[in-house]
Structures are given as structure tokens and as C-alpha cells.
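Overview (structure and organization)
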Protein chains: 4
Amino acid sequence: MEGRIADGGSARDRAVPPAPLRVAVIGAGYWGPNLARNFRASAAWELASICDLDLERAQRVADRVGGAPVDSDLAAVLADPTIDAVAIATPARTHHAIALAALEAGKHVMVEKPLADTRARGLEMVEAARSRGLVLMADHTYCYTPAVLKIRELIEQGVLGDILFVDSVRINLGLVQPDVDVFWDLAPHDLSIMDFVLPGGLDVVSVSAHGSDPLGTGKSCVGYLAMPLGCGAMAHIHVNWLSPTKIRQMVIGGTERTLVWDDLNPQQRVSVYDRGVDIASVSRGTAPDPRAARVSYRLGDTWAPALPEHEALAGVVTELAAAIGEHRAPRTDGEAGLRVLSVLEAATASLAAAGAPQPARERALEEGAAR
Amino acid sequence: MEGRIADGGSARDRAVPPAPLRVAVIGAGYWGPNLARNFRASAAWELASICDLDLERAQRVADRVGGAPVDSDLAAVLADPTIDAVAIATPARTHHAIALAALEAGKHVMVEKPLADTRARGLEMVEAARSRGLVLMADHTYCYTPAVLKIRELIEQGVLGDILFVDSVRINLGLVQPDVDVFWDLAPHDLSIMDFVLPGGLDVVSVSAHGSDPLGTGKSCVGYLAMPLGCGAMAHIHVNWLSPTKIRQMVIGGTERTLVWDDLNPQQRVSVYDRGVDIASVSRGTAPDPRAARVSYRLGDTWAPALPEHEALAGVVTELAAAIGEHRAPRTDGEAGLRVLSVLEAATASLAAAGAPQPARERALEEGAAR
Amino acid sequence: MEGRIADGGSARDRAVPPAPLRVAVIGAGYWGPNLARNFRASAAWELASICDLDLERAQRVADRVGGAPVDSDLAAVLADPTIDAVAIATPARTHHAIALAALEAGKHVMVEKPLADTRARGLEMVEAARSRGLVLMADHTYCYTPAVLKIRELIEQGVLGDILFVDSVRINLGLVQPDVDVFWDLAPHDLSIMDFVLPGGLDVVSVSAHGSDPLGTGKSCVGYLAMPLGCGAMAHIHVNWLSPTKIRQMVIGGTERTLVWDDLNPQQRVSVYDRGVDIASVSRGTAPDPRAARVSYRLGDTWAPALPEHEALAGVVTELAAAIGEHRAPRTDGEAGLRVLSVLEAATASLAAAGAPQPARERALEEGAAR
Amino acid sequence: MEGRIADGGSARDRAVPPAPLRVAVIGAGYWGPNLARNFRASAAWELASICDLDLERAQRVADRVGGAPVDSDLAAVLADPTIDAVAIATPARTHHAIALAALEAGKHVMVEKPLADTRARGLEMVEAARSRGLVLMADHTYCYTPAVLKIRELIEQGVLGDILFVDSVRINLGLVQPDVDVFWDLAPHDLSIMDFVLPGGLDVVSVSAHGSDPLGTGKSCVGYLAMPLGCGAMAHIHVNWLSPTKIRQMVIGGTERTLVWDDLNPQQRVSVYDRGVDIASVSRGTAPDPRAARVSYRLGDTWAPALPEHEALAGVVTELAAAIGEHRAPRTDGEAGLRVLSVLEAATASLAAAGAPQPARERALEEGAAR
């Protein structure tokens with residue numbers, strides 16, 4: 001092994017292209033196999049270990065992805081100096097401990113969503129990575145799908161104009177999770193996507209959460225989040241484990257155009273509608289007499305951009321390698337994970353307050369100030 | 001005319017079938033022509049007058065529906081003893097005055113939704129009708145569509161089991177109304193339907209309303225209502241004037257089955273899914289340790305009942321005639337209209353309180369007690 | 001009335017705008033009421049008569065459209081010198097006799113599809129109109145829908161490139177007609193649309209018809225038409241009275257783009273796909289070795305043009321008035337009706353020949369030469 | 001070989017469960033990897049070899065499926081007495097030679113669709129298998145999908161009544177194949193499914209094929225097959241490589257109900273419509289005066305059976321093992337493959353005859369008699 005290190009190290013120093021980075025996947029449950037398969041298939045990575053307390057389970061994953069070393073001892077993996085990074089796909093409540101141990105061992109870290117089970121723990125992870133100059137990446141997989149990448153690009157280019165509202169629906173007959181409610185299970189997807197595509201990121205002023213547990217499972221199975229954004233737009237999320245039909249749809253309304261992302265329509269996932277309401281010659285929000293505002297309607301064309309086909313996780317592992325190689329933050333970094341946690345915690349607080357709105361932005365601002 | 005009155009009166013006394021009732025339609029704007037057409041086509045009714053301040057407009061409607069007397073003087077219409085009922089299709093803020101005048105003149109009254117522009121005024125209308133023994137009907141048209149009638153029937157028969165959640169979406173690129181917000185414009189549809197189909201009617205515990213006016217029109221154009229129901233279920237409504245796509249969908253989840261009503265799919269408007277989550281051998285809400293609840297999934301068949309085709313308004317005018325003839329309350333009576341107004345007022349209060357939940361049920365209960 | 005003639009005539013000579021033309025609608029069955037309503041609503045027309053053997057039926061239509069004279073005597077209507085045109089909405093087998101009588105009486109004529117029940121009779125109608133300098137119009141209503149008008153415009157502008165194939169499906173649970181098969185009942189729609197939008201009109205080389213009468217009704221209830229076109233493209237039509245689902249879809253493939261018209265999707269009726277197969281640097285059909293042809297794929301954007309909303313029949317009656325006023329052939333003239341009949345007759349011949357292809361173009365050409 | 005048989009036999013006799021059979025997958029191109037993966041995952045099979053002329057390609061597949069021996073020498077594989085069966089996933093023109101060699105070597109054989117590139121060669125394969133008592137299976141994968149298995153079951157149970165028509169559409173932007181036209185590429189799917197689900201199998205009386213090669217590729221890219229069936233129903237297939245939209249839909253109309261299979265709608269793949277046309281009190285096809293037939297309409301419910309989720313190929317490899325173990329013909333045997341080839345050859349003949357119908361059944365009957 002040492003020989004390999006020397007070789008590997010020197011190879012990486014002089015090589016063009018660089019020798020692949022070595023990664024260990026921690027957790028061989030639901031998501032780990034997907035990570036393992038993509039690291040294995042990537043030219044930027046060498047899959048150095050699949051680590052799970054259940055060694056047999058790790059071995060089954062290794063077999064399925066074309067072979068890889070397996071391990072049941074996390075400490076040994078972290079002690080291996082040839083390993084550059086770890087990808088954590090264990091239950092959320094274990095993210096904090098594993099990530100901190102990995103960062104202490106000098107490893108770059110990628111963590112499955114959500115980043116941690118509390119914002120405070122997520123913040124410790126972010127700070128630990130920052131202080132050591134290591135990359136901490138949130139595996140916000142959806143942000144690397146062709147559809148979301150295109151949405152971000154369109155918004156950046158101003159195709160939608162100013163954002164007026166965002167409405168996201170993510171419902172299906174889902175697994176009632178043993179340890180988290182429907183908000184913590186599903187909403188991280190919608191929140192991380194909003195964080196990725198909106199011009200100012202996920203700038204939530206307050207969160208009103210309305211949940212329902214009609215089956216008496218002890219946690220919300222149906223949930224709604226209403227979130228005024230700093231830009232004046234309203235964001236809303238509907239998550240639901242009890243719906244017999246599956247819907248994955250996000251509508252992003254803008255002053256110029258409105259975009260509909262229907263992720264279950266492979267023939268037309270993203271549609272841009274040049275339809276909308278115009279308030280003629282009245283500047284937004286400042287009409288002296290709003291009743292006098294001259295409303296008109298645009299009924300223009302619809303346009304659906306062609307999307308390339310590629311697996312999102314391939315983009316995730318490539319971005320992790322690039323961020324490490326270029327000593328920069330990845331596109332979905334720990335801060336992005338923190339913004340998602342801020343909203344989730346505000347949602348939990350709102351639930352406890354019978355739906356009363358809870359501030360979300362303040363927390364982030366305070367922390368920013370405290371830094 | 002007088003001769004006719006005498007004839008008509010006596011005819012009605014002895015006739016089998018009874019002579020048709022005579023109705024005046026008040027207001028020849030958007031909805032009035034539909035009412036006029038259906039009264040004109042109904043064997044139970046004689047269209048006695050189309051009344052509008054703009055006599056030419058009234059005449060155009062009369063021409064289109066095959067002819068009818070027109071009038072621009074409401075007082076004269078109400079003074080006509082041959083007229084049995086009036087159907088009011090004027091702006092909401094005028095419902096109260098016209099309805100009270102008509103009730104005072106001894107006419108039965110049907111009012112376009114919403115019943116009135118405030119709950120207090122609606123209550124006065126209900127009480128005026130009650131004290132005079134006259135019918136006051138809310139024209140909750142959707143309740144007379146084949147789809148909603150079938151939904152009510154299925155729920156009554158227990159096909160869905162206990163209701164777990166109701167989620168309604170009513171969005172499209174809509175007319176920004178000059179005098180009402182999106183809640184008062186669109187949500188009466190969803191609320192009146194829920195009132196009609198839910199076993200206990202619209203029994204809303206509290207209302208949290210989240211609205212957004214991103215274009216600065218002076219009123220909410222995007223709105224969400226979260227409403228815990230007395231039965232423990234959660235009801236939610238999304239109304240939106242700014243959506244380029246049109247959605248009219250209501251999902252009603254039950255312990256046995258879940259129903260999806262997609263009103264824009266004429267080939268399969270109502271689908272009943274025998275899919276769901278079961279909490280095995282644990283009574284609802286009383287599990288000692290909810291984590292231990294044994295969750296299982298049903299993935300059964302889907303079934304879409306055939307629906308007859310008929311125009312809802314034909315059912316509305318028939319029901320009005322039947323209620324008058326049988327001296328009973330119509331299916332959608334003034335009380336139903338009041339329940340809708342209670343929620344709308346609570347929504348307005350919640351909007352003013354930045355989304356904090358506002359009680360809705362208490363008001364209704366207090367009034368019930370005060371009677 | 002005579003006074004009116006004098007006034008009307010002179011008014012029309014000097015007036016700007018011209019006095020409306022006067023039309024009689026012949027036949028008050030299924031389609032006549034729609035014609036009557038649109039003539040009644042058009043500023044270019046005065047509805048002079050609704051004529052039906054069943055006078056009561058005529059009166060009911062007159063009532064519904066806001067009033068019009070009615071008649072049960074066709075001869076009297078044709079003898080009325082104030083009537084400029086007749087619109088025939090009677091069973092197809094009576095079109096020929098009524099149209100010839102009307103043309104002889106000097107009336108312009110519009111005929112519901114199909115133009116006649118045989119091509120020979122249709123030809124007599126065309127020649128009678130031509131010899132008298134009168135307008136003969138086929139009421140190919142679909143050609144005046146916003147969707148078809150847009151499709152014609154796009155093809156004219158070259159947006160699709162050369163046409164490669166046309167596939168049309170028109171199926172639903174339909175009325176089994178007493179006197180015509182599914183080809184003569186439904187295919188005139190598809191054929192008249194193709195005639196309207198294709199660059200060279202409906203230039204069908206041969207027709208292979210495959211029909212099936214599985215219920216023993218004595219006529220085809222399921223039918224397919226395969227029709228090589230003069231331009232090298234293939235056109236195909238599927239018509240079906242026995243399908244429980246309704247489909248109205250036409251795909252027009254071109255070298256540059258492909259258009260899909262889904263008439264039952266009001267939110268996106270017409271979609272233009274910039275996707276296709278390219279045969280690189282090989283001129284069409286002349287590759288020395290087709291196996292060597294370099295095939296590549298375009299996976300470009302999709303685009304759905306906004307369509308105005310208007311009733312097609314309003315465009316039909318306007319076009320009839322314009323053609324009369326401008327002494328020109330209407331967009332869908334008798335010749336267009338004849339081209340449709342040529343294909344229908346070839347289809348009937350192919351059916352009798354067990355599906356063997358039958359020439360369609362030759363007939364048209366022969367006639368052209370014979371003229 | 002004998003030694004192995006004895007061993008294998010005795011081992012299998014006493015084993016519970018029997019020792020897995022050993023299979024070699026021949027061809028590591030498009031389909032081979034799927035076969036390899038499913039054999040590897042099946043308890044009934046041991047993946048004994050992945051054989052491809054390109055050994056690296058074989059190795060890549062072996063890696064991906066969790067490891068398997070690889071080989072580039074077909075003869076060596078066939079000479080291996082421990083191998084019970086081969087699964088052939090090579091180009092169609094090579095099926096015949098490889099299958100005959102394998103059968104001569106005593107191996108059971110499964111062949112990717114189509115069974116062979118001509119019917120005559122397919123027949124040789126069938127006879128070679130029969131004479132040696134070996135299993136010859138056509139890998140008609142679609143027949144093992146949950147949807148098709150359910151359709152077969154419903155038809156067997158009489159849910160549809162007598163079959164009236166079958167209409168299948170399989171269109172998308174497809175690979176223009178170098179050596180086969182669109183009929184031979186895509187229609188085997190539709191034909192094998194019809195063979196599987198129709199009560200009498202694929203009993204085609206004649207075939208009319210209409211093809212179009214508008215891009216000059218040297219082969220049909222757009223194709224239609226009209227096929228009267230022995231039972232009196234009409235079957236029709238539309239296959240198309242040039243459609244920008246993807247459709248996979250089969251409609252099976254019956255006297256009692258009609259079934260629609262929309263394979264691209266995962267939420268409701270199979271729908272059964274209790275709608276249709278009834279010919280009252282007139283026996284099918286024998287009405288003395290069909291015009292007098294009393295037609296009525298049923299507008300009943302729609303029903304969508306729940307479908308289990310499993311990969312079709314898992315069912316394929318299980319069926320192959322079962323057929324071998326039980327010394328019986330598999331559900332999709334060589335004869336089924338021959339019936340598909342009969343229709344494809346008749347289609348090619350019809351194309352050459354400009355679409356004239358060509359007999360298909362006679363060929364099969366002759367052969368049956370000649371046996």
C-alpha cells in the first residue's frame with residue numbers, strides 16, 4: 001500500500017491529467033450504492049472503500065458496482081492516508097459525528113441531504129471544514145440534473161425577469177420514515193433546488209409550516225410550507241407521503257415569463273411560458289392607487305428547451321473532484337446545506353407554534369455577523 | 001298581464017304538473033346570461049325578467065336566450081306580484097341590499113357566490129329569509145356538477161373511509177379583479193365544494209392564509225389557505241391568478257381510498273385509488289408509541305366512475321324550484337354560504353396577522369348559540 | 001319587404017361598410033344550428049331564413065339564436081330574390097339536388113362536408129357554380145380553427161422543411177351512422193385539413209383502405225387509409241367509432257422540424273419539435289449506397305405557438321362573405337371538396353378490392369385535362 | 001458431456017432446491033448486458049460465461065454485473081459440457097448459425113427477437129430443437145412485463161369479450177438501423193405481444209404493409225401494417241423512427257370492454273373501459289338488414305388494475321429455467337417466434353407489391369400440414 005501512496009502521490013504531482021482522487025463511501029444502505037456506482041464510473045475518482053458496519057451489505061454493493069475494497073471499521077478508513085475524501089450516506093443523525101471525524105482526519109467530505117439533523121451541528125461541520133481548508137459539500141443531487149441546471153441558467157440570463165412566486169409540489173405514496181417527518185424527509189429537495197436556482201439563494205424571511213398526522217404516526221405525513229422571500233416573492237412547498245398519485249412539479253413565476261418544471265414528463269420536463277399579467281406603466285409596488293393599475297395579459301408562446309441526458313450523480317462526483325482540485329467551494333457547499341437546515345428548523349418551530357410564522361433569515365444573519 | 005296573473009295563479013293551484021315558477025334574473029354581466037339561459041330552458045321556470053341598469057345589455061342577453069322581458073328598474077321587478085323568485089348575479093358588494101329588498105318583497109332568492117361581501121351581511125340575509133319563510137339559496141354551481149355530486153355520494157357511502165386530508169389547487173392566468181383578492185375570487189369554489197362533500201360540512205377549526213402581491217396590485221394574487229378541520233383532517237387550498245398553466249385538482253385522502261378530481265381531464269375526471277398507507281392494528285391517534293406503529297402499503301386498483309353529462313346550472317335551477325315547491329332548504333342554502341364567508345373572513349384576518357392562524361369555527365358556534 | 005330590397009341593394013352599392021348579405025340556412029338538424037348562430041352573430045350577414053321540413057324544429061333553432069324567419073318550403077326560399085346565399089346542412093345524399101337548385105336560382109352556396117355523396121355529383125356542383133359565376137364553398141370547418149390556420153402558416157413559412165409524413169388519428173366512441181361508414185363520416189376532416197395545410201394540397205397518388213366491421217353493422221367502424229403523396233411523403237389516417245378513448249392528433253414530420261397537433265390539449269394544441277433525423281451530406285433519395293448514409297440526430301427545443309381563441313365557424317361565414325364580395329374562390333372551395341371526394345371514392349374502391357391500392361390522382365388529373 | 005449430464009442429473013434429482021443451471025450469454029452489445037445481469041441475479045441460474053468477439057467488451061459487462069467468466073471463442077463455450085443453455089444477443093442475421101451450433105452441442109437456446117432473419121431459417125431452428133428435445137425460446141421480453149401478463153389474464157378471463165380490433169402504435173425518434181427496416185426493428189414487439197395475449201395467438205389472415213422512406217435511407221422509416229385476423233378482428237400496427245414524440249400504446253377493443261395499454265404512463269398503464277357500442281338483439285354479422293340493427297352505447301366505468309413491479313427479463317430467465325426443468329415448451333417458444341416471422345415476411349412481400357395484401361396464415365398452415 002505504501003508503495004502505491006508514493007506512486008500515487010508522485011503521479012498526481014506530475015500527471016496530466018491528474019491521478020484520480022480516492023474516496024470512501026460510508027454507508028451501503030439506500031443511497032450509498034448510487035454514490036459508489038458513480039465514483040466507480042468516474043475518471044476523476046478511485047473508489048477506495050465501501051464502508052458499512054454490515055460488511056456483507058458493503059460487499060454486495062461492491063459486487064454490483066464492479067468491485068471495490070470493503071470495510072466495516074470507519075476509524076481504519078479515516079486513518080488511511082491514501083484516502084482523499086469520504087462520502088457520507090448514513091442516517092442524518094450520524095452525519096455530524098462522522099463528518100467531524102473525517103474532517104479531523106484531513107478528509108474532504110460530502111454529505112447526503114440533509115447536511116445534519118440540527119442547524120447547530122451543521123454549523124459546526126461548516127466551521128470545522130473552513131478552519132481546516134477542506135471541502136464540505138452537500139449532496140444536493142437534484143441541483144445537478146439537466147433540468148435544474150437549465151432552470152438556473154435561464155433565471156441567471158433573466159429569461160423569467162424578477163421572480164414573483166415559487167410553488168413546489170412533491171407528493172406520492174411514500175415511506176413513512178421512522179425518525180423524520182415529511183418536512184425533513186422531502187422538503188430538503190425543494191429547498192436545495194430553490195437555493196440553487198434563485199438569484200439570491202434561499203433567502204427566506206419567515207416560515208409558516210402546517211402539518212397533519214391524520215394516521216397517528218407521531219409525525220407529520222402531509223405538510224405545507226409558506227415562505228415569503230427577501231425579494232418579495234412567495235415560496236410555497238407541498239410535501240405529502242399519503243398521495244396515491246405522484247407529482248413532482250415546480251412553478252417559478254416571473255415578471256417576464258413563467259417556468260414549469262414537471263419532472264415526471266420526460267418528453268417536456270421544462271416549459272417556459274411567455275404568458276403573464278402586466279401592470280402597465282406602474283412601477284411594482286409603488287402605485288399610488290393600486291385600483292387604478294392597468295392590468296393587461298400576455299398570451300405568448302411556450303418554449304421547452306432540449307435537455308441533455310446525464311445522471312445527476314455523475315455531475316455531483318465531478319463537482320466534488322473539481323472543488324477539491326481547484327481549492328474552491330463546490331456549487332452546493334456546506335453553507336447551502338445550512339440554509340436548508342435554517343428553514344427546516346424554522347418549520348419545526350412553526351409547527352410547534354400551531355403554524356405561526358417563524359423567522360428564518362434572522363438566524364442566518366446573526367451567524368453571519370457573529371463570524 | 002293582470003289576466004295572466006290570475007290565470008297563472010289559479011293554474012298553479014290546480015295544475016299537475018304545477019305551472020312554472022316565475023323568476024327574474026338580476027344582473028346581465030358575466031354570470032347572468034348563464035342563469036337566464038338555464039331558467040329559460042327549464043320546464044320548472046318561466047323567465048319573467050332580465051333586469052340590468054343597462055337595458056341594452058339586458059336585451060342582448062334576452063335575444064341570445066330566445067327572448068324574455070327586460071327591465072332596468074329593480075323596484076318595479078320586485079313589485080311585480082307574479083314574480084316568485086329572483087336570481088342575483090350582480091357584484092358581491094350589492095348582494096346584501098338586493099337580497100334584503102327582494103326578501104322584503106316576498107321573493108325567494110338565489111345569490112351568486114359569495115353570498116355577501118361580509119359574513120355579518122350574509123347573516124342578515126339568512127335571518128331575513130328564515131323569518132319570512134322564504135328560500136335563500138347560494139348558487140354554489142360546482143356542487144351540481146356530475147363530478148361533485150358523485151364525490152359526495154362516494155364519501156357518503158364510505159368508499160373513502162375517514163377523511164385524512166383535502167388538497168385543492170385552482171390556478172390559472174386569471175383576471176386580476178378590481179375589488180376582491182384571489183381568496184375571495186376563487187376560494188369560494190373550493191370551500192363550497194368541501195362544504196358539500198365532507199361528512200360534517202365545512203367544519204374549519206382555524207385558517208392560516210398566506211398571500212402574495214408580487215405585482216403591486218394592492219391585493220393578493222397568489223394565495224394559500226391551511227385549515228385544520230374538526231375531524232382531524234387538514235384541508236388546504238392553493239389559488240393563483242398568475243399561473244400560466246391551468247390546474248383544477250382536488251385530492252381527498254381517506255383511510256380506505258383516495259380520490260383525485262381532475263376537472264380538466266374530461267376523459268377521467270374522478271379517479272378513486274385503492275392505494276394508501278395502513279397503520280396496522282393501531283387505532284388512529286392513540287398509539288402508545290407511534291414509532292412502533294406498523295406501517296404497511298396498499299397498492300390496489302384504480303377506478304374511475306362513469307359520470308353523466310349535464311350542465312350544472314340546470315341542476316341549480318331545478319333545485320331552487322324544488323326547494324320552493326317542497327318548502328325546504330336547498331342543498332346549498334344560505335347557511336352553506338355563511339360557512340364559506342366565515343372561512344374567507346378568517347382568511348382575511350390571518351392575512352392581516354402575517355399568516356397567524358385565526359379561529360373560524362368559534363364564530364359559527366357563537367352565532368348558533370346566539371340564535 | 002320589397003322596399004327593403006331596393007334599399008338594401010342601393011345601400012350595398014354605395015355603402016361603407018356594405019349592407020350585410022342575406023343567407024338561408026337549409027337544415028335545422030345537428031349542424032344547422034351552429035351555422036345559424038354564426039350567421040346571426042356576424043356583421044357581414046343577415047340570417048334571412050332557417051329552412052327545415054320540420055317547421056317546429058326550425059323555430060326552436062330560431063329561438064335559440066335570437067330569432068330569425070323560418071320556412072319549411074325550400075322552393076319559396078330559393079325564389080326569394082333578397083336572399084344572396086344558402087348554407088346547406090342536410091344529409092350528404094341531398095347536397096347535390098339542393099345545391100344545384102340553389103345555384104340555378106342564382107344563390108351562392110356553402111355545403112357542409114362532404115361536398116356530395118359521390119365525386120361525380122360534386123363535380124356537377126362545381127361546374128354549375130363555375131358556369132354561373134357563383135361561389136361554391138365547402139364548409140371544411142376545421143380549416144378555420146386557430147390551430148389549423150397556424151399549421152398552414154408554419155408550413156408555408158418553411159418551418160417544417162419538406163414534408164416527410166403525415167399521420168392523423170381521429171378516434172372515439174362515435175355514433176354509428178345509418179348511411180355512411182367511418183371513412184365517409186370522419187376522414188373528410190383529416191383529408192380537408194391535409195388539403196388545406198400541405199403545400200401542394202391533397203395530392204394523393206393512391207389509396208389503400210383497410211376497414212373492419214366487427215359488430216356486423218354492415219359498414220366499416222374501424223378504418224385505416226394509407227396514402228402515398230405526390231411529394232414522396234406518406235399520409236395515413238386512422239378513424240374509429242369504437243374507441244373508448246378520444247384522440248384527435250395529427251403529426252406532420254418534416255426535414256427541418258416536426259409538428260404535433262393535439263386538439264384535445266387546450267393548453268398546448270400545437271407543438272413544433274426541432275428534433276429529427278438528418279442524413280448528412282447525402283441528397284435525399286439519391287445516395288449511391290444508402291447504407292453508407294450518415295445518420296445523425298437533432299434533439300432541439302420544442303416550441304408551442306400561442307393561438308388566438310375564436311370560433312372556427314365565425315371564420316367560415318366571414319370567408320364566405322369575403323369570397324362573394326371579392327368575386328373570388330373561397331379558401332375551401334368546391335375543388336377542395338372534390339379532392340376530398342376523390343380520396344373517399346378511391347378508399348371505397350380499395351375496400352372493395354380487399355385493401356389493394358387504388359389510384360386517386362389520376363381521376364383528378366383526367367378531369368383537369370377534360371375541362 | 002455425458003459425465004456432466006450424469007452429475008448434473010443426479011445432483012438435480014436430489015437437490016432441494018436444484019442446483020442452478022449454467023448459461024452463457026452470447027453477445028455483449030446492447031441487449032447482452034441486460035441478459036447477463038438478470039441471469040447473474042437469478043437463483044435458478046449461474047452465469048457461466050459472457051462471450052463476445054471483443055473480449056474487453058465482454059469483460060466490461062462482466063464487471064458491471066458483479067463478475068463472470070468471459071470468453072471470445074464461441075466454439076469453446078459450446079464445447080463446455082457444464083453449460084446447459086445459451087442466450088443469444090447478437091445481430092439477427094447471425095442467430096441461425098449460432099443457434100444451430102448450440103443446439104447441435106446439446107444446449108438449450110434462447111434467442112433475442114426476432115428469432116431469425118428469415119422464416120425459413122427460423123423454421124430450421126425450431127425443427128433442430130424439436131428433433132433434439134431441447135428448449136428453444138424466443139426472448140419476447142415484453143410478454144413478461146406485468147402489464148402484458150395482466151392483459152393476457154384479462155382476455156383469458158373474458159373481461160373484454162370477443163376481440164373486435166387491436167391497434168398498436170410504437171413511435172419515437174429511433175435509431176435508423178443499418179440492416180433492417182422499421183418493420184423488422186420495431187414490429188416484432190407488437191406482433192409478439194399480440195401473439196401472447198390474443199386467444200388464438202397471432203392468427204393473421206393477410207398483411208398489407210405501407211412503408212415510407214422519405215429521407216432516402218434505403219429502407220422504410222415509417223410503416224403501417226393492416227392485418228385482418230382469423231377471428232374477424234382487424235389488427236393494425238404503426239411503427240415509426242421519425243416521430244419526435246414517443247408513443248407506446250395498444251388498444252384492444254372487445255364486445256364487452258376495451259383495454260388501453262399506455263406503457264409510458266407509469267401511474268396507469270392498463271385501463272379497462274366499460275364503454276362501447278352494442279348491437280342490440282342482433283347476432284354478430286348475421287343481421288338480415290344491418291341498417292335496422294339497433295345500436296346502443298354503454299358509458300360505464302373505467303378500471304385500472306394494480307400491477308406488480310418487476311423486471312420483465314427476470315421473468316424471462318425464470319421461464320427459461322422452468323421450461324428446461326419441466327421439459328416443456330416455454331411460454332414464448334420458437335413457434336411464437338415463427339409466427340412473428342411469418343407476418344414480417346408477408347409484410348416485406350406486401351411492401352414489394354406496393355401495399356397489396358399478402359397471405360400470412362397459409363404459410364403457417366402449410367408448414368403445420370407438412371410436419
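Residues numbered from 1 in each chain as written. Chains lettered and ligands numbered in written order. Predicted model: local features only at pLDDT ≥ 70, side-chain atom pairs only at ≥ 80, totals over all residues. Heavy atoms only, no water.

1. Observations regarding the domain arrangement of chain A
All names here are of chain A. Domains assigned within chain A are domain 1 (2-141 + 313-332) and domain 2 (143-310 + 341-361). For domain 1 and domain 2, the distance between their C-alpha centroids amounts to 31 Å. The interface of domain 1 with domain 2 comprises 18 residues on the first partner and 15 residues on the second. The contact between domain 1 and domain 2 buries some 1,300 Å² in all, and 59% of this surface belongs to carbon and sulfur atoms. Sorting the residues of domain 1 by area buried against domain 2 places K113, R119 and R331 first, and these three jointly supply 42% of that buried surface. At the surface where domain 1 touches domain 2, the tally comes to one salt bridge. Two residues, D179 and R93, come together in a salt bridge whose shortest N-O distance is 3.2 Å. Where domain 1 meets domain 2, there are eight residue pairs in polar contact (both at pLDDT 80 or more). Counting residues per element, the ones that place at least two in the side of domain 1 that touches domain 2 are α6 (119-132) and α9 (312-325). (Domains from an automatic or database assignment. Contact = heavy atoms within 4.5 Å. Buried area = accessible area lost by both parts, 1.4 Å probe. Salt bridge = Lys/Arg side-chain N within 4 Å of Asp/Glu carboxyl O. Polar contact = N/O pair within 3.5 Å; in protein donor to acceptor, adjacent residues only side chain to side chain. Helix = DSSP H or I, 4+ residues; strand = E, 2+ residues; numbered from the N terminus.)

2. Remarks on the sheet that holds strand β4 (residues 85-88) of chain C
All names here are of chain C. Reading across from one edge, β3-β2-β1-β4-β5-β6 is the order of the six strands in this open sheet, with parallel pairing throughout. Only two strands of the sheet have a single partner each, and these edge strands are β3 (70-71) and β6 (136-139). Against the sheet, helix α9 (residues 312-325) touches β1 (21-26), β2 (45-51), β4, β5 (108-112) and β6, its axis set at about 170° to β6. (Pairing = 2+ DSSP bridges. Axes fitted to C-alpha atoms, helices over the stretch in contact; angles between N-to-C directions.)

3. What to know about helix α10 (residues 334-352) of chain A
All names here are of chain A. Counted at 1.5 Å a residue, the expected span for α10 with its 19 residues is 27 Å, and the 27 Å between its end C-alpha atoms agrees. Inspection of α10 places G334, A336, G337, L338, V340, L341, S342, V343, L344, A346, A347 and S350 among the buried residues, and these make up the whole buried set. Two or three places before E335, at the start of α10, stands the capping residue D333, its side-chain oxygen 3.2 Å from that residue's backbone nitrogen. (Expected span 1.5 Å × (residues − 1). Buried < 20%, exposed > 50% of the residue type's maximum accessible area, 1.4 Å probe, protein only.)

4. Describing the UniProt feature "domain: Gfo/Idh/MocA-like oxidoreductase N-terminal" (unreviewed entry) in chain A
UniProt's feature table lists "domain: Gfo/Idh/MocA-like oxidoreductase N-terminal" (unreviewed entry) at residues 21-140 of chain A, given in the numbering used throughout. Across residues 21-140 of chain A, helical content stands at 42% and strand content at 23%; the span's end C-alpha atoms are separated by 21 Å. (UniProt positions renumbered as here; feature names shortened; annotations may be inferred.)

5. Concerning the state of the cysteines
Going through the model one piece at a time under the given rule, you end up with zero disulfides over all chains. In this model C221 of chain A remains outside any disulfide bridge; the closest cysteine sulfur is found in C231 of chain B, 16 Å from its own. Given a relative accessible area of 0%, C221 of chain A falls into the buried group. (Disulfide = S-S within 2.5 Å.)

6. Focus: the interface of chain B and chain A
Contacts between chain B and chain A engage 55 residues on the former and 55 residues on the latter. Roughly 4,300 Å² is buried in total at the junction of chain B and chain A, and carbon and sulfur atoms are behind 69% of that figure. Per-residue buried area on chain B facing chain A is highest for L173, L215 and P244 of chain B; these three make up 14% of the total on that side. At the surface where chain B touches chain A, the tally comes to zero salt bridges. Listed by contribution, the elements that provide at least two residues to the side of chain B that touches chain A are β7 (163-173), β8 (206-212), β9 (222-228), β10 (234-240), β11 (242-254), β12 (258-262), β13 (270-280) and β14 (294-304) of chain B. Ranked by residue count, the leading element in the side of chain B that touches chain A is β11 of chain B, at six residues.

7. Things to note about the environment of A321 of chain D
Residue and element names in this part refer to chain D. Here A321 shows up in helix α9 (residues 312-325). When the C-alpha positions of A321 and R22 are compared, they lie 9.8 Å apart, and in sequence the two are 299 residues distant. Leave out the neighbours within four places in its chain, and A321 touches L21, A44 and W45.

8. Concerning the pattern of salt bridges
Summed over the entire model, instances satisfying the criterion amount to 59 salt bridges over all chains. Note that R57 of chain B and D52 of chain B form a salt bridge whose closest N and O atoms lie 3.1 Å from each other. For R57 of chain B, a relative accessible area of 33% corresponds to the partly exposed category. In this structure, the salt-bridge partner of R269 of chain D is D263 of chain D, at a minimum N-O distance of 3.6 Å. Since its relative accessible area comes to 29%, R269 of chain D is described here as partly exposed. A relative accessible area of 18% means that D263 of chain D is categorised as buried. Via salt bridges that share partners, R22, E46 and D80 of chain A belong to a single interconnected network.

9. Describing the side chain of D185 of chain C
Residues and elements named next belong to chain C. Summarising the element assignment, D185 is placed in helix α8 (residues 182-197). Buried charge without a salt bridge: D185, with K113 as the nearest opposite-charge side chain at an N-O distance of 4.3 Å. Beyond its immediate stretch of four places on either side in the chain, D185 contacts K113, L175, Q177, V180 and W241. (Lys, Arg positive; Asp, Glu negative; His and termini not counted.)

10. Quick look at the relation of the copies chain B and chain A
Expressed as a screw transformation, the operator carrying chain B onto chain A has a rotation angle of 180° and an axial translation of 0.0 Å, and the superposed copies differ by an RMSD of 0.0 Å. The transformation relating the two chain copies, once decomposed into turn and shift, fits a two-fold axis. The C-alpha atom lying nearest the rotation axis in chain B is that of A356 of chain B; the distance is 2.3 Å. Interface overlap between copies: 100% of the residues of chain B at the interface are likewise at the interface in chain A, consistent with a symmetric, same-surface contact. (Least-squares fit on C-alpha atoms with pLDDT ≥ 70 in both.)

11. Regarding the packing of aromatic side chains
Residues and elements named next belong to chain A. Evaluated as defined, the whole model comprises 16 aromatic pairs over all chains. Seen in terms of ring centroids, Y144 and F196 are 6.2 Å apart; in terms of plane orientation they differ by 40°. Their pairing is tilted. Taken together, the residues span a long stretch of sequence, with Y144 in the loop between β6 (136-139) and α7 (146-156) and F196 in helix α8 (residues 182-197) at a distance of 52 residues. Using a relative accessible area of 4% as the deciding quantity, one classes Y144 as buried. (Phe/Tyr/Trp six-rings, centres within 6.5 Å; stacked < 30°, edge-to-face > 60°.)

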